[in-house]
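Residues per chain, in single letters:
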Amino acid sequence: MACPHKFERFLNLERLDFEPITLIVGTFNPAWPEGNNAEWFYGRTRNNYLWDVLPRMYNPNFNLRRETHVQWKQFCSANRIALTDVIHVINDADENNEEHQEIMRTYLDTSFADYFEDFTFTNLVALIEQHPTIQHVYLTRQEGVELFDEQWSLVEQFSENNPNRNLHFRKLLTPSASARFQLRPYKLANPNDRTPLRNFIFQSWQEQWHQL
């Protein structure tokens, strides 16, 4: 049995009650692993800072990391932010294969990309075309995994072929705890800087975010 995205019914933005201005694109949240307690996109907040960082882009004193999916959705609706992920389904995953289960439990993009070969992707370009209000598109991972880079290149090509859309698109530092691997060399170069990881991600996002 293939492994779908945990929130696959939301990936194509069909359930939105607003027209989005900003589209934030993640990677994949597998539906199977026992213990995947995410209530919404980026919902494993023990190891993910998106609901800390994203609200602060709009209000430096606003933090939703300890709130629930109800408050997250309300925030997105109020600010016309849509969320989706690159991978819709991993087709060659087998729920009865314990090795596959272990890979899913890592939640690592590199593991998904390296081990599996058959993917159904979210059609990001179609979403942008279907929602002409979208002005800003962000992928929440930087370079390094060809699988995701190839899908992102389709957004880049769309923007080049449609200059009238004036699309603002950027790759962002991952809001997951793995951003610590980017923080470490920064701390080595700046040993007196005590910036915590959440603020390091926030500052990195500020450099790429559109003007509010």
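Residues numbered from 1 in each chain as written. Predicted model: local features only at pLDDT ≥ 70, side-chain atom pairs only at ≥ 80, totals over all residues. Heavy atoms only, no water.

Caption draft 1: A look at the sheet that holds strand 6 (residues 136–139). Taken together, four strands build an open sheet; the order of strands is 3-2-6-7 and the sheet is parallel. Lying at the two open borders of the sheet, with one neighbouring strand each, are strand 3 (81–85) and strand 7 (168–171). Adjacent strand axes in the sheet meet at a mean angle of 15°, parallel and antiparallel pairs treated alike. Here four bridges tie strand 2 (residues 22–26) to strand 6, and the two strands are oriented parallel to one another. Across the sheet, residue Val 25 finds its bridge partner in strand 6, namely Leu 139. Helix-sheet contacts for helix 6 (residues 146–161) involve strand 6 and strand 7, and the interaxial angle to strand 7 is about 160°. (Pairing = 2+ DSSP bridges. Helix = DSSP H or I, 4+ residues; strand = E, 2+ residues; numbered from the N terminus. Axes fitted to C-alpha atoms, helices over the stretch in contact; angles between N-to-C directions. Contact = heavy atoms within 4.5 Å.)

Caption draft 2: Main features of the sheet that holds strand 4 (residues 87–90). Strands sit in the order 1-4-5 across an open sheet of three strands; the sheet is antiparallel. Only two strands of the sheet have a single neighbouring strand rather than two, namely strand 1 (3–4) and strand 5 (119–121). Pairing between strand 4 and strand 5: three bridges, direction antiparallel. Looking across to strand 5, one finds that Ile 90 is bridged to Phe 119.

Caption draft 3: The arrangement of the pattern of salt bridges in detail. Applying the stated criterion across every chain yields a total of six salt bridges. One salt bridge connects Glu 98 with Arg 105, and the closest N-O pair in it is separated by 2.5 Å. Owing to a relative accessible area of 31%, Arg 105 belongs among the partly exposed residues under this scheme. Two residues, Glu 102 and Arg 105, come together in a salt bridge whose shortest N-O distance is 2.5 Å. Of the two residues, Glu 102 and Arg 105 both sit in helix 3 (residues 98–106), three residues apart, roughly one turn of that helix. If you follow the salt bridges from partner to partner, you end up with Asp 52, Arg 56 and Arg 198 in one network. (Salt bridge = Lys/Arg side-chain N within 4 Å of Asp/Glu carboxyl O. Buried < 20%, exposed > 50% of the residue type's maximum accessible area, 1.4 Å probe, protein only.)

Caption draft 4: Geometry of unusual backbone geometry. Positive phi, normally seen in glycine, also occurs at Tyr 107, with a value near 55°. Tracing the backbone shows Tyr 107 in the loop between helix 3 and helix 4 (109–115). Here the phi dihedral of Asn 166 falls at roughly 50°; this positive angle occurs in a residue that is not glycine. Here Asn 166 lies in the loop between helix 6 and strand 7.

Caption draft 5: Seen up close, helix 2 (residues 69–79). Of the positions making up helix 2, those classed as buried are Trp 72, Phe 75 and Cys 76. The arc that holds every buried residue of helix 2, seen down its axis, measures 95°, which confines them to one face. Just past helix 2, the residue Arg 80 takes up positive phi, approximately 55°. (Arc of directions from axis to C-beta.)

Caption draft 6: Quick peek at the environment of Val 89. As for its placement among the helices and strands, Val 89 is situated in strand 4. The exposure class of Val 89 is buried, given its relative accessible area of 14%. Val 89 sits 26 residues away from Asn 63 along the chain, and the two C-alpha atoms are 31 Å apart. Among residues more than four places away in sequence, those in contact with Val 89 are Ala 2, Cys 3, Pro 4, Glu 8, Asp 118, Phe 119 and Thr 120.

Caption draft 7: Region of interest: the packing of aromatic side chains. Counting across every chain of the model gives 15 aromatic pairs. Aromatic pair Phe 10 and Trp 40: ring centres 4.9 Å apart, planes at 80°, arrangement edge-to-face. In this pair, Phe 10 is assigned in the loop between strand 1 and strand 2 and Trp 40 in the loop between strand 2 and helix 1 (50–58), connecting sequence segments 30 residues apart. Residue Phe 10 shares its accessibility class with Trp 40, and that shared class is buried. Three or more aromatic residues joined by ring pairs make a cluster, and in this case those are Tyr 58, Phe 62, Phe 75, Tyr 138, Trp 205 and Trp 209. (Phe/Tyr/Trp six-rings, centres within 6.5 Å; stacked < 30°, edge-to-face > 60°.)

Caption draft 8: Geometry of the side chain of His 100. Tracing the chain through its elements places His 100 in helix 3. For His 100, a relative accessible area of 8% gives the class buried. If sequence neighbours within four positions are ignored, His 100 has contacts with Trp 32, Asp 92, Ala 93, Asp 94, Tyr 115 and Phe 116.

Purely geometric stuff here, so don't read any function into it on its own.
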